[in-house]
Amino acid sequence: MTRVFSGIQPTGHLTLGNYLGAMRRWAEVDQHRSDALFCIVDLHALTVDHDPARVCRLSRQAATLLLATGLDPEVCTAFMQSHVDEHTRLSYLLECVATDGEMRRMIQYKEKAARERERGGSVRLSLLTYPVLMAADILAYGADEVPVGHDQAQHVELTRDLAVRFNQRYGHTFVVPKVTLPAVAARVMNLQDPTKKMGKSDESGAAGVVYLLDEPDVVRKKVMRAVTDSGQEVVYDRETRPGLANLLEILAACTDGNPESLASVYDSYGALKKDTAEAVVEVLRPVQARHRELCADPTYVEGVLRDGAEKARAMARPIVDTAYRAIGL
Ligand code: ADP
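In this text the structure is predicted, and so the values were computed from the model without any measurement.

## Thoughts on the overall build of the chain
Secondary structure assignment for the chain yields twelve helices and five strands. In terms of C-alpha radius of gyration, the chain reaches 20 Å, essentially the compact-globule figure of 20 Å for 329 residues. Each principal axis of the C-alpha distribution contributes one length, and for the chain these read about 65 × 45 × 40 Å. Taking as baseline every contact in the chain between residues at least 6 positions apart, the subset at least 24 positions apart corresponds to 76%.

## Observations regarding the domain arrangement of the chain
Partitioning the chain into domains gives domain 1 (3-182 + 298-327) and domain 2 (203-292). The centre of domain 1, based on its C-alpha atoms, is set 28 Å off from the matching centre of domain 2. Counting residues at the interface gives ten residues for domain 1, matched by eleven residues for domain 2. The residue makeup of the side of domain 1 that touches domain 2, split by class, is six nonpolar, four polar and no charged.

## Some words on helix 5 (residues 107-118)
Its twelve residues place the ends of helix 5 17 Å apart at the C-alpha level, agreeing with the 16 Å of an ideal helix rising 1.5 Å per residue. Immediately downstream of helix 5, the backbone of Gly-120 shows phi near 85°, a positive value.

## A word on the site of the ligand
Looking at the ligand, there are 20 residues lining it, with Gly-17, Gly-21, Ala-22, Val-148 and Gly-149 nearest. When residues of the shell around the ligand are assigned to their parent elements, the largest contribution, four residues, is made by helix 1 (residues 16-33). Residues of the shell around the ligand, tallied by class, amount to six nonpolar, ten polar and four charged.

## What about the packing of helix 3 (residues 86-95) against helix 6 (residues 125-139)?
Their axes nearest at 8 Å, the elements helix 3 and helix 6 cross at an angle of 120°. Between helix 3 and helix 6, the angle is such that the two are oblique. Seen from above, helix 3 lies across helix 6 with right-handed handedness. From helix 3, His-87, Leu-90, Ser-91, Leu-94 and Glu-95 reach across to helix 6, where they touch Thr-129, Val-132, Leu-133, Ala-135, Ala-136, Asp-137 and Leu-139. Of the residues belonging to the contact of helix 3 with helix 6, the class tally is seven nonpolar, three polar and two charged.

## A few points about the confidence of the model for the chain
In the predicted model, the chain carries a mean pLDDT of 96, and 100% of its residues have values of at least 70. Interface confidence for the predicted complex, expressed as ipTM, amounts to 0.97; the pTM equals 0.95.

## A look at the environment of Cys-56
If you trace the backbone, Cys-56 turns up in helix 2 (residues 52-68). With 13 C-beta atoms counted inside 10 Å, the residue Cys-56 sits in the partly exposed group.

## Here we look at the pairing of strand 1 (residues 3-8)
Summarising burial for strand 1: five of the six residues are buried, a large majority. As for the winding sense of the linkage, the β-α-β connection from strand 1 through helix 1 to strand 2 (residues 35-40) is right-handed.

Basis of the calculations
Residues numbered from 1 in each chain as written. Predicted model: local features only at pLDDT ≥ 70, side-chain atom pairs only at ≥ 80, totals over all residues. Helix = DSSP H or I, 4+ residues; strand = E, 2+ residues; numbered from the N terminus. Rg over C-alpha atoms; globule rule 2.2 N^0.38 Å. Contact = placed C-beta atoms within 7 Å. Domains from an automatic or database assignment. Nonpolar A, V, L, I, M, F, W, Y, C, P; charged D, E, K, R; others polar. Expected span 1.5 Å × (residues − 1). Near = placed C-beta within 6 Å. Axes fitted to C-alpha atoms, helices over the stretch in contact; angles between N-to-C directions. Parallel < 35°, antiparallel > 145°, perpendicular 65-115°, else oblique. Left-handed = near helix turned anticlockwise from the far one by under 90°. pLDDT = per-residue confidence, 0-100. Buried ≥ 20, exposed ≤ 12 C-beta atoms within 10 Å, placed from the backbone. Right-handed = clockwise from strand over helix to strand, strands pointing away.

Structure, rendered in structure tokens:
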């Protein structure tokens, strides 16, 4: 059976981008067609200046939301990265096959490091090495597929390179995984600045970010205030009309439609925004309702994470042990 692995960082409140780009597919498709693992990658949240209490709170919230999207612990494995030591054990071995040049070429590293420097802060070494830990997250489980949004594709490519290199040097150890992207909404953009992605950790762009727990009226307000491009016609063109294209993609993803055909349905920006806002509200409604139920039962979520970690550890340990032997330890 195909094995799927993916993760989410508790660096902020989860967004519509996380949901449409990744989480929705995990719940609706991946968990049913594969042997799937979904992880709150809390160690990754330590790569930038962080508040321990906030990371702890956001990790629990991310776990609750993952289950609220419909992940079923009976059919998939949901767990917290820091509960399974195999991730860091393997990460070190992979650091011994990765190069610093490779790490410095990673787009997210360049962007996040620049943001840290702008704030006058220093860049943590873990920010540079984080893609190696991500490679370990994936390779420790022998994952065949990694369903992510477009922004993570480069890291999955690096994971492939490291797996191939390790296998060539030390004998076949790792499955070489492939990335899978959603058909639409692989890159949901910020509603106020459609040249940058809708990201959960970018506080300066929060007005253009729809969070999964935003109240319906807040969602409506954010979508109605979305920046659109100058012009009258509703056309789908990511290059010249990024604001409009973003709304069409969000609407298409929420209604299982196609952005090009939706463009021909509308003759005003106002009507497109109104329908997009309602479609987002409808998509979020059941997730928010289930989230409220789960919040009333925190011991259930804790139990899911504990059992998930146990299952995950049992899958990762033999693979990581094989890697230790292969590399000469
Ligand atoms: P973030 O950038 O919000 O911190 P993560 O690194 O935790 O996101 O990513 C979790 C998943 O959500 C990944 O698969 C990532 O590709 C996806 N994702 C994040 N932001 C977006 C977006 N704006 N559009 C589409 N997918 C996204």
